[in-house]
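Now for the letters of each chain:
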Amino acid sequence: MVERSGLRWLAAVCGATAILSGCGLLDADATEEISDSGDSADTTSAQLAPAYDTVEIVVKDLVDVVEIDGTLGYGDPSAVPNLLNGIATWLPEPGALVGFDERLYEISAQPVVLLEGTTPLHRTLKRGIDDGTDVFRFESWLVEQGYAEDMDLTVDEMFTSVTAEAVEAWQTAAGLPVTGTVELGTVVYRPEVVRISEVHVGLGDRVQAGPVLSVTSTNRHVTVALDTADAGLLSTGDAVNVELPDGTEVSATVTFVSTVARAQGQGAQQSSFLDVQIALEGAGSAFDESPVTVRVSDVLAHDATVVSIAALVALAKGGYGVEVVDEDGVIRLVGVAIGAIHRNEVAIEGNVSAGQAVIVP
């Protein structure tokens, strides 16, 4: 749901101008200058220039704050494919973070380890394999992680005895069974470390090549279903503020805005939304799957000439004006065109400039 704190309708001006003039509507063509600088003996001047309050015309951005409902969490979970059969002998707790070279779970005392990468392992890597980009990727990783130091390991598509020696060094450092072979199903490749979202089996359960757990990113972010009517409100890279469930407001950045709308509901009740993701800047770790409020600054007008709505005068022939008080005390009625309106301020155009004083009732 989107709520806008500022009024955007010109009709809002009507209430502000209801008490603009005690003598009725003013004439848009009025050119008479009314002076309040006469002496006390000039009763006519005193009547034309009673005491008044003024506000100053300023140049500023008119910014509306738009509030959008969001959900704070870790994103959509994904199930980790499991290729091992056996008994679940070790399982992590939901919410645990798993880094590279660390166990995801164990099946029949065989650890399944998380490694950095994007392409799944599709076969067992062992001595004698002399072709395959999977060997090349694994040897490259062994070298990058320092497991092949002081070894004459050539990074290629051949799994040699030197490759096996480097694998053993990795297995020793990671506390894994030292075999020199990388069994299919014992390695899971992911581009980033993960957070355990849900464990699908219990300790001691028999697992037959079904998913054992699901994971998410470790990065906390807010997900928003942005109404397509507000599609231009958020863009990737935009800075926003997020109010957490405890009332704390933190800075955040829009990291993703879908270009494909998804529908919700049916018939006349159907709405369409764009999925948006917003990354928090190091806060909100105490909350998960919690409702939050995203506040977006929507600039209605840049460098606008702005005055209080209360200063507007309804003109007899239509439109609006303001009563400008010159430095010498002369009051002039100036017709203005009305632009963006925000709360009790309005952007105006006409023969007016910043710094001028205008009368308010």
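The sections below set out a description of the structure shown in this document.

Conventions used here
- Residues numbered from 1 in each chain as written.
- Predicted model: local features only at pLDDT ≥ 70, side-chain atom pairs only at ≥ 80, totals over all residues.
- Heavy atoms only, no water.
- Helix = DSSP H or I, 4+ residues; strand = E, 2+ residues; numbered from the N terminus.
- Buried < 20%, exposed > 50% of the residue type's maximum accessible area, 1.4 Å probe, protein only.
- Polar contact = N/O pair within 3.5 Å; in protein donor to acceptor, adjacent residues only side chain to side chain.
- Contact = heavy atoms within 4.5 Å.
- Pairing = 2+ DSSP bridges.
- Axes fitted to C-alpha atoms, helices over the stretch in contact; angles between N-to-C directions.
- Parallel < 35°, antiparallel > 145°, perpendicular 65-115°, else oblique.
- Left-handed = near helix turned anticlockwise from the far one by under 90°.
- Nonpolar A, V, L, I, M, F, W, Y, C, P; charged D, E, K, R; others polar.
- Patch = residues over 30% accessible without salt bridge, like charges linked within 9 Å, V, L, I, M, F, W, Y side chains within 5 Å.
- Areas by Shrake-Rupley, 256 points an atom, 1.4 Å probe, with all protein chains shown as cover.
- Salt bridge = Lys/Arg side-chain N within 4 Å of Asp/Glu carboxyl O.
- Expected span 1.5 Å × (residues − 1).
- Arc of directions from axis to C-beta.

So, about the side chain of N82. With respect to the element layout, N82 can be found in the loop between β5 (78–79) and β6 (85–90). The class of N82 is buried, set by a relative accessible area of 3%. In terms of polar contacts, N82 uses its side chain to reach the side chain of Y105, at 2.9 Å. Looking at N82, its side chain comes within polar contact range of the main-chain oxygen of G210, at 3.2 Å. When near neighbours in sequence (up to four residues on either side) are disregarded, N82 contacts Y105, I107, V207, A209, G210, P211 and V212.

Of all 5 residues making up strand β8 (residues 103–107), 4 are buried, and the element is well covered by its neighbours. Direction of pairing for β6 relative to β8: antiparallel, over a ladder of 2 bridges. Across the sheet, residue A88 finds its bridge partner in β8, namely I107. Strand direction decides the pairing type here: β8 and strand β9 (residues 110–116), joined by 4 bridges, are antiparallel. For R103, the partnering residue across the bridge sits in β9 and is V113. Counting the residues in the hairpin turn of β8 and β9 gives 2 residues, including S108, whose phi is positive at 50°.

A positive phi is found at A109, a non-glycine position, where the angle reads about 70°. Take A109: it is sitting in the loop between β8 and β9. Phi is positive for D150, close to 65°, though the residue is something other than glycine. With respect to the secondary-structure elements, D150 resides in the loop between α3 (133–144) and α4 (161–173). Note on D150: relative accessible area 85%, which makes it exposed.

Another aspect to go through is the packing of α3 against α4. In contact at an axis separation of 10 Å, α3 and α4 are set at 55° when each is read in the N-to-C sense. Taken together, α3 and α4 sit at an angle that is classed as oblique. Crossing angle aside, the handedness with which α3 passes α4 is left-handed. Residues F138, E139, W141 and L142 of α3 form the contact with α4, whose own contacting residues are T163, A166, V167 and W170. In the contact of α3 with α4, the residues fall into 6 nonpolar, 1 polar and 1 charged.

Moving on: a nonpolar patch on the surface. A surface patch of nonpolar side chains, amounting to about 210 Å² of accessible area, comprises F136, V143 and V155. Position of F136 among the secondary structure elements: in helix α3.

Inspection of the entire model under this criterion finds 8 salt bridges. When the shortest N-O distance is used, the salt bridge between K60 and E345 registers 3.1 Å. Taken as a pair, K60 in strand β4 (residues 58–73) and E345 in strand β23 (residues 345–350) lie far apart in primary sequence, 285 residues in all. When the shortest N-O distance is used, the salt bridge between E249 and R295 registers 2.7 Å.

Judged by pairing direction, the sheet is antiparallel, and its 4 strands sit side by side in the order β5-β13-β11-β7 without closing on themselves. Unpaired on one side and paired on the other, β5 and β7 (97–98) mark the two borders of the sheet. Bridging between strand β11 (residues 194–199) and strand β13 (residues 213–217) involves 5 bridges; their strand directions are antiparallel. Residue E198 lies in a different strand from β13, and its bridge partner there is S214.

Since the α-helix packs 3.6 residues into each turn, any two residues three or four apart lie on the same face. Taking 1.5 Å of rise per residue, the 13 residues of α4 would be expected to cover 18 Å, and the 19 Å separating its terminal C-alpha atoms lies within 8% of that figure. For α4, the full list of buried residues reads T163, A164, A166, V167, W170 and Q171. All buried residues of α4 project into a common sector of 160° when viewed along the axis, lining one side. Of the residues in α4, the exposed ones pointing more than 90 degrees away from the buried face are T172 and A173. Where α4 is buried, its residues meet β9, α3 and β10 (187–190). Among the residues of α4, the N-terminal cap falls to T160, whose side-chain oxygen and the backbone nitrogen of V162 are separated by 3.3 Å.

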